[in-house]
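The lines below spell out each chain.
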Amino acid sequence: MEIQGCREDRTSSLMVDFVKDCGGIAIIDGGLATELEANGADLNDPLWSAKCLFNSPHLIQKVHLDYLEAGANILITSSYQATIQGFESRGFSKDQSEGLLRKSVEVACEARRIFQEKHVKASKTPHQVLIAASIGSYGAYLADGSEYSGDYGEAIDLEALKDFHRERFLILADSGADLIAFETIPNKLECQAYAELLKENDIKIPAWFAFNSKDGVHVVSGDSFVECISIAESCKQVVAVGINCTPPRFIHGLLMTIRKVTTKPILIYPNSDETYDPDVKEWVESTGVSDDDFVSYVTKWHEAGASLIGGCCRTTPNTIRAIYKAFN
Ligand code: MET
Ligand SMILES: [Zn+2]
């Protein structure tokens, strides 16, 4: 029985095949950093969730396992805000920093192994699981809120972004993950940088591109959503495109736009519609969306063409369990 979910051929058909194997809808996990906080981690730190890689990896494994038990088919690793630059600025050596990046994938793979072994021992068939190695934006590394403005200033050009991302990207591409998840992409320049890194390095591992929006029309910088999706569309290693960390109420309109410009599987993992305040580095309670409200959207998104659905910040294993139930 093939239970790992890692396929030998990491080709462009990976996501189409995986979604088919999952019965037409693959469930992505929910918020990682915010769920680590719910489990007691103090992430008020420029490294955010990556801090747990050296100070509480057991918590990361627990949250991954909670999402698998809730029904997730895809785990996104804790490398979103993990960078060599960030770790070095905290006194880690280069080797140690690279080791911490690899560890983010190892912890997720170990959670998958534990989950699948437990189900096999109980004579149940575990669901398939892919590990997506997260890469957050340059703005996430800056931890100054620019991941939600996409404004990096004049000094940051395409080459600067490629130089910033190259090393971590190459390490994660060779880490044993099934794919790379470029998440919360705030502007067109960063999207181009990722596409060029994939092409120039003839990377075999597939990737997905997920953008965020705060007006339901553009990516957060104000750049054209259509142009960003089109760049991803023209990149053969990109196996899915879509939206993350965006309020659920914007998703349907954005989905209608994406459908016109892509032939690739579409992924949607919104946040819970609360607002992040970069000054205090906290999510500000607002109306938010309850798990029931969230789930009332998901079948509509699926009907509208999304085949990978999960949650981002402030969604929880309960959100993912509710999504799972909506489709099973
Ligand atoms: C700001 S979006 C964060 C995405 C990341 N995968 C997380 O859930 O922590
Ligand atoms: Zn998020």
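Residues numbered from 1 in each chain as written. Chains lettered and ligands numbered in written order. Predicted model: local features only at pLDDT ≥ 70, side-chain atom pairs only at ≥ 80, totals over all residues. Heavy atoms only, no water.

- The chain is annotated in an unreviewed UniProt entry as homocysteine S-methyltransferase of Zostera marina.
- Per its UniProt entry, the chain bears the Catalytic activity (unreviewed entry) comment "S-methyl-L-methionine + L-homocysteine = 2 L-methionine + H(+)".
- The UniProt entry for the chain carries this comment under Function (unreviewed entry): "Catalyzes methyl transfer from S-methylmethionine (SMM) to adenosyl-L-homocysteine (AdoMet). SMM degradation (by HMT-1, HMT-2, HMT-3 and HMT-4) and biosynthesis (by MMT1) constitute the SMM cycle in plants, which is probably required to achieve short term control of AdoMet level." (UniProt positions renumbered as here; feature names shortened; annotations may be inferred.)

Examining the site of ligand 1
Now for step 1: Among the 13 residues in the neighbourhood of ligand 1, the closest are listed as L32, A33, Y80, Y148 and E183.
Now for step 2: Here an oxygen atom of ligand 1 and a backbone polar atom of A33 are 3.0 Å apart.
Now for step 3: One of the side-chain nitrogen or oxygen atoms of E183 is found 3.0 Å away from a nitrogen atom of ligand 1.
Now for step 4: Protein chains shield 98% of the accessible area of ligand 1, which is 300 Å² for the free molecule.
Now for step 5: In terms of residue class, the shell around ligand 1 is made up of nine nonpolar, two polar and two charged. (Near = heavy atom within 4 Å. Polar contact = N/O pair within 3.5 Å; in protein donor to acceptor, adjacent residues only side chain to side chain. Areas by Shrake-Rupley, 256 points an atom, 1.4 Å probe, with all protein chains shown as cover. Nonpolar A, V, L, I, M, F, W, Y, C, P; charged D, E, K, R; others polar.)

A look at the pattern of salt bridges
Now for step 1: Tallying each qualifying case throughout the model produces 15 salt bridges.
Now for step 2: One salt bridge in this structure joins E110 and R113, with 2.9 Å as the shortest N-O distance. Placement of the pair is E110 and R113 together in helix α6 (residues 94–121), with a separation of three residues, close to one helical turn.
Now for step 3: Overall, E110 belongs to the partly exposed group, its relative accessible area being 29%.
Now for step 4: When its relative accessible area of 36% is taken as the criterion, R113 is described as partly exposed.
Now for step 5: With a closest N to O distance of 3.5 Å, K162 and E159 form a salt bridge. Of this pair, K162 and E159 are both found in helix α8 (residues 158–173), three residues apart, which corresponds to roughly one turn of the helix.
Now for step 6: A relative accessible area of 2% means that K162 is categorised as buried.
Now for step 7: For E159, a relative accessible area of 41% translates into the label partly exposed.
Now for step 8: Among the charged side chains, a network of salt bridges with common partners joins E110, R113, E117 and K121. (Salt bridge = Lys/Arg side-chain N within 4 Å of Asp/Glu carboxyl O. Helix = DSSP H or I, 4+ residues; strand = E, 2+ residues; numbered from the N terminus. Buried < 20%, exposed > 50% of the residue type's maximum accessible area, 1.4 Å probe, protein only.)

Quick word on the environment of A143
Now for step 1: Among the secondary structure elements, A143 is positioned in the loop between α7 (138–142) and α8.
Now for step 2: Classification of A143 as buried rests on a relative accessible area of 17%.
Now for step 3: Along the chain, A143 and K325 lie 182 residues apart, while their C-alpha atoms are 35 Å from each other.

Notes on the coordination of the zinc ion (ligand 2)
Now for step 1: Looking at the zinc ion (ligand 2), one finds its protein donor set to be C245 (SG), C312 (SG) and C313 (SG), positioned 2.2 to 2.3 Å from the metal centre.
Now for step 2: Taken together, the four donor atoms coordinating the zinc ion (ligand 2) and their angles of 95 to 129 degrees define a geometry best described as tetrahedral.
Now for step 3: Mapped onto the polypeptide sequence, the residues donating to the zinc ion (ligand 2) form the spacing pattern C-x66-C-C. With C245 in the loop between β6 (238–244) and α11 (251–261) and C313 in the loop between β10 (306–309) and α13 (317–327), this pair connects stretches of sequence that are 68 residues apart.
Now for step 4: On the basis of relative accessible area, C245 is assigned to the buried category, the value being 4%. (Donors = N, O, S within 2.8 Å, 3.2 Å for Na, K, Ca; no water. Tetrahedral: all angles 85-135°; square planar, octahedral: opposite > 155°, others 65-115°.)

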